[in-house]
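Structural overview
These are the residues of each chain, in order.
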Amino acid sequence: MDLDTRLKEVFRISEAQERALKRINISSIKDLLYYFPTRYSNATQVTKIASIHKGEYVLIFGRISGLKTSKAFRKKISMAEGVITDDTGKVKIVWFHQAYLAKMITEGSFVKAEGKVTERRGGLYISNPKIENVPDLFTNAKIHTLYPIYPETKGLTSNWIYHKIHKIFNSQILDKILDPIPQSILETYKLPDLKKSLIWIHTPKKEEHAQAARKRFAFEEIFFIQLERQQTRQEFKKRDTFVIDKKADDITGFIERFPFKATDAQKKCIEDILKDFHAKHPMSRLLEGDVGSGKTAVAATAVYAVATSKPKNQDFGTLQTAYMAPTEILAKQHFESFIKYFKHLPINIALITGSGCRKFPSKLNPDGWTDISRTQLLKWVASGEIAVLIGTHTLIQKAVKFKHLALVIVDEQHRFGTAQRQKLVSKTEVTPHLLSMTATPIPRTLALTFYGDLDLSLLDEMPLGRKKIITEIVTPERRNSSYEKIKEELATGRQLYVICPRIDEPDPTKELAIQAKSVQEEAKRLKKEVFPDYEIDILHSKMKPVEKEKVMQDFQDKKIDILVATSVVEVGVNVENASLIVIEGAERFGLAQLHQLRGRVLRGTHQPYCFIFADTKSAKTIERLKAIKTARNGFELAEFDLIQRGAGELRGSKQWGLSDLGMEAIKNIKMVEAARREAINIIDADMTLSQFPLLKEQLNTHSVQIHFE
Ligand code: ADP
Ligand code: MG
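Everything numeric in this text was worked out from a predicted model, so none of it was measured.

Time to look at the site of ligand 1. By nearness alone, 15 residues border ligand 1, and K261, G292, K295, T296 and R466 come closest of all. Residue K261 places a main-chain N or O atom 2.9 Å away from a nitrogen atom belonging to ligand 1. One nitrogen or oxygen atom from the side chain of Q266 is found 2.9 Å from a nitrogen atom belonging to ligand 1. Within the complex, 75% of the 560 Å² of free accessible area of ligand 1 lies under protein. In the shell around ligand 1, the residues fall into four nonpolar, six polar and five charged.

Right, dumping it as structure tokens:
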């Protein structure tokens, strides 16, 4: 047996177990060793049966007997019962509706049961307890005081996993395990080595051991991501690039022409970019700013610096920019705004999307654009005549060849994977500068980890004079008065977004289907019961891209008054007239996400309103939601989310591909910084990890799987 041995080669595994293992991505010994308990049952919290009282929630251990199923009362509810006996006494347990639970337990075996003590006809019993087989050895509290509870999945019990882990430990395999994390790092941060950590995390004798082990694995997870990111960064930083020699003075003229005064944050970000442009190596920078914080103006200034620079050793022509947007509609919008920014300059701008190409200025109409053929466009891009090419992912197709591509801008960066990003920048021999832009507010620790290969610029200040979104937290009984307010606004010609709740489902395809259904049903309900006089349409991720684009276009053209959409689908358009947004099931969202959703109504000149509908009356939840009324920006809310909500609630594994432990690490800025520092030290000294064969192997095989989409 070694770490890569398949579990089914060494253990007898039923079909149901095999399916369950597959669902949680476990096939080898190593996978199972890295499947960690989420918590531990503490034997000291166990209640002896003789001392249980009515109304208490208790945890008991004992042997089960007398299991039988029957139909209860006259109502014919299925029912099961049994008796648990420990060394002090016995208690009856009863399940209603869940008779199948009894079948999962073997008569005469040791069990752990948790539930509330009830009394009926003078006798105590526990109804609908959580029950589980436990190893006999656990009943001897001296051997193990902490019993691991693994994340539950249908078909696999904690007990089964626990037994297998024991067998693996007994096989001496741990003696062969080498720790990839250098000894010196372990010592610096007082982390246990791998062997000890595995033992401590699965079979801790005391709480501190479990904690130390968890800390180590949390560090490990972040450290490997950092190593991988820092490697990417180093590779990038070694390449040649275009030196763009612009000073602050050279661009003041351009900035002064803006129809507004640039914010200090915008100026600072522009400075960061100009500084990068001077370096011999390519920029790779992430520009993070809330919706409406003015990222486009910053991007336009970067483009200006590039488009007014000449290729090396040449006194004609210009350097080029590729600007990639996530949707066709957005690409068109950027094309329009760039025309406004550049129309006083002799700079050619073009648009390429799946449905056609455009160029500005047009020969016939110097103030406007004209349609051109794709062939013509590709020719002009290749000859260097087009200084700025804006488009969707069509930009990364092979056929698009630039003459002097010096800057790549990726808007809404999280939509593009690292691979796509790499594809764009590796189109030419000399590596272009990269500017990624995102409006997704994420905590600093997450940014440092997942965007560890990028430098960070924050637009943490909103332009002056921006209308504030009037945000209301609406509890169920106040729904109707909100609908009345919305009707008043609709009557004056405004438009409304209705965002349907997030639905958490282990199976993503099923989740999308449920979400689509909730959108359809809510649209029907609104039409029938609330807004019969208005045009309502829907948008969800099960729709085809063309259908989506059509609905968005219709909304923009005001053929639709109310757009009911899921939270997962980016509306991706600027509809200035849409000044109203309703978010349903708000308690299911993080604050940062709510903030981002409401950002959609910030675009116009009308007073925007956001109605956050919560289905709960829980004072705590309402209190949490209220933070959204006072926070200054999305970053604040993202940090707030991180502190306030449990790691699990941040949907770490789903959104970022992190484990729960990894998410715990993300809460700890010191740990993230330490992992980052150590990774930088190692990669700076030895980029290919030739001195660290174990780290190298771990990075290549176990591979940190990061999901950007
Ligand atoms: P985002 O960061 O969401 O991409 P945009 O760049 O689209 O934001 O800017 C949103 C709006 O704010 C645009 O209409 C833009 O012209 C305007 N804007 C940008 N910067 C400023 C500023 N400093 N003062 C006032 N308005 C600004
Ligand atoms: Mg934008």
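Another point: the nonpolar core. The tendency in soluble globular proteins is for nonpolar side chains to be buried side by side. Counting residues in each nonpolar core, the largest one holds 57 residues, and the members touching the most others are F219, F223, L227, L377 and L389. In terms of residues, this core owes the most to one element, helix α8 (residues 207–237), which gives eight residues. Ignoring anything within four residues of it in the chain, the contact list for F219 reads I181, I185, Y189, L191, M671, A674 and A675. One finds F258, L274, I339 and A387 within the second-largest nonpolar core, a separate group that totals 49 residues.

What follows is about the packing of helix α9 (residues 248–256) against helix α11 (residues 295–307). One way to put it is that α9 packs onto α11 with a least axis distance of 10 Å and a crossing angle of 130 degrees. Classed by the angle they form, the pair α9 and α11 counts as oblique. Read as a crossing pair, α9 and α11 show a hand that is right-handed. Residues D250, I251, F254 and I255 of α9 lie in contact with α11, whose contacting residues are A300, T301 and Y304. Grouping the constituent residues of the contact of α9 with α11 by class yields five nonpolar, one polar and one charged.

Strands sit in the order β12-β11-β10-β13-β9-β14-β15-β8-β16 across an open sheet of nine strands; the sheet is mixed. Strands with a single pairing partner mark the edges of an open sheet, and in this sheet they are β12 (370–372) and β16 (455–459). Strand-to-strand twist of the sheet, defined as the mean angle between neighbouring strand axes without regard to direction, takes the value 20 degrees. The sheet contact formed by strand β14 (residues 405–411) and strand β15 (residues 433–438) spans five bridges and is parallel. Counterpart to V410 in the pairing with β15 is S436. Of the strands in this sheet, β9 (320–324), β10 (349–353), β11 (356–360), β13 (388–391) and β14 are in contact with helix α12 (residues 328–342), which crosses β10 at around 175 degrees. In the packing of helix α13 (residues 374–383) onto the sheet, the strands contacted are β9, β10, β11, β12 and β13, and the crossing angle to β10 comes to about 130 degrees.

Our next topic: unusual backbone geometry. Between F360 and the following residue, P361, the backbone shows a cis peptide bond with an omega angle of -10 degrees. Tracing the sequence through the fold places P361 in the loop between β11 and β12. Backbone geometry places N128, a non-glycine residue, at a positive phi of 45 degrees. Tracing the sequence through the fold places N128 in strand β6 (residues 123–133). Positioned with a positive phi, K558 is a non-glycine residue whose angle comes to about 65 degrees. Secondary-structure assignment places K558 in the loop between α18 (545–556) and β20 (562–566). Judged by its relative accessible area of 38%, K558 is partly exposed.

Each value, and the rule that gives it
- Sequence positions are assigned chain by chain, starting from 1 and proceeding in written order.
- Here the convention is simple: chains get letters from A, ligands get numbers from 1, in the order in which they are written.
- Reporting in this predicted model follows two pLDDT cut-offs: at least 70 for local features of residues, and 80 or more for side-chain atom pairs to be given and counted; totals over whole chains, interfaces and linings ignore these cut-offs and use all residues.
- Each side-chain value is derived from all of the structure's non-hydrogen atoms; neither hydrogens nor water enter the calculation.
- Near is defined per residue: the residue qualifies when any heavy atom it owns lies within 4 Å of the molecule or strand.
- Pairs of N or O atoms are called polar contacts if they sit within 3.5 Å, as long as, within protein, a hydrogen donor faces a hydrogen acceptor (for residues adjacent in sequence, only side-chain-to-side-chain pairs).
- To be clear on the numbers: accessible area is Shrake-Rupley with a 1.4 Å probe, and residue cover counts the displayed protein chains and nothing else.
- For this classification, Asp, Glu, Lys and Arg are treated as charged, while Ala, Val, Leu, Ile, Met, Phe, Trp, Tyr, Cys and Pro are nonpolar and the rest, including Gly, are polar.
- Residue types Ala, Val, Leu, Ile, Met, Phe, Trp, Tyr and Cys, when buried and joined through side-chain atoms within 4.5 Å, form a set referred to as a nonpolar core.
- A 1.4 Å probe rolled over the protein chains alone gives each residue an accessible area, and that area as a share of the maximum for its type sets the label: buried under 20%, exposed over 50%, partly exposed in between.
- Helix and strand assignments come from DSSP, with helices taken as H or I runs of at least 4 residues and strands as E runs of at least 2, each series counted from the N terminus.
- Contact definition: two residues touch when any of their heavy atoms are within 4.5 Å.
- In this analysis an axis means a line fitted to C-alpha atoms, helices contributing only their contacting stretch, and an angle means the value between N-to-C directions, from 0 to 180 degrees.
- Note on terminology: angles under 35 degrees are roughly parallel, angles over 145 are roughly antiparallel, angles of 65 to 115 are roughly perpendicular, and the others are oblique.
- The sense of a crossing depends on the near helix, which, turned anticlockwise from the far helix by less than a right angle, makes the crossing left-handed and, turned clockwise, makes it right-handed.
- A pair of strands counts as paired when DSSP detects no fewer than two bridges linking them.

Geometric descriptors of this kind do not, in isolation, establish any biological role.
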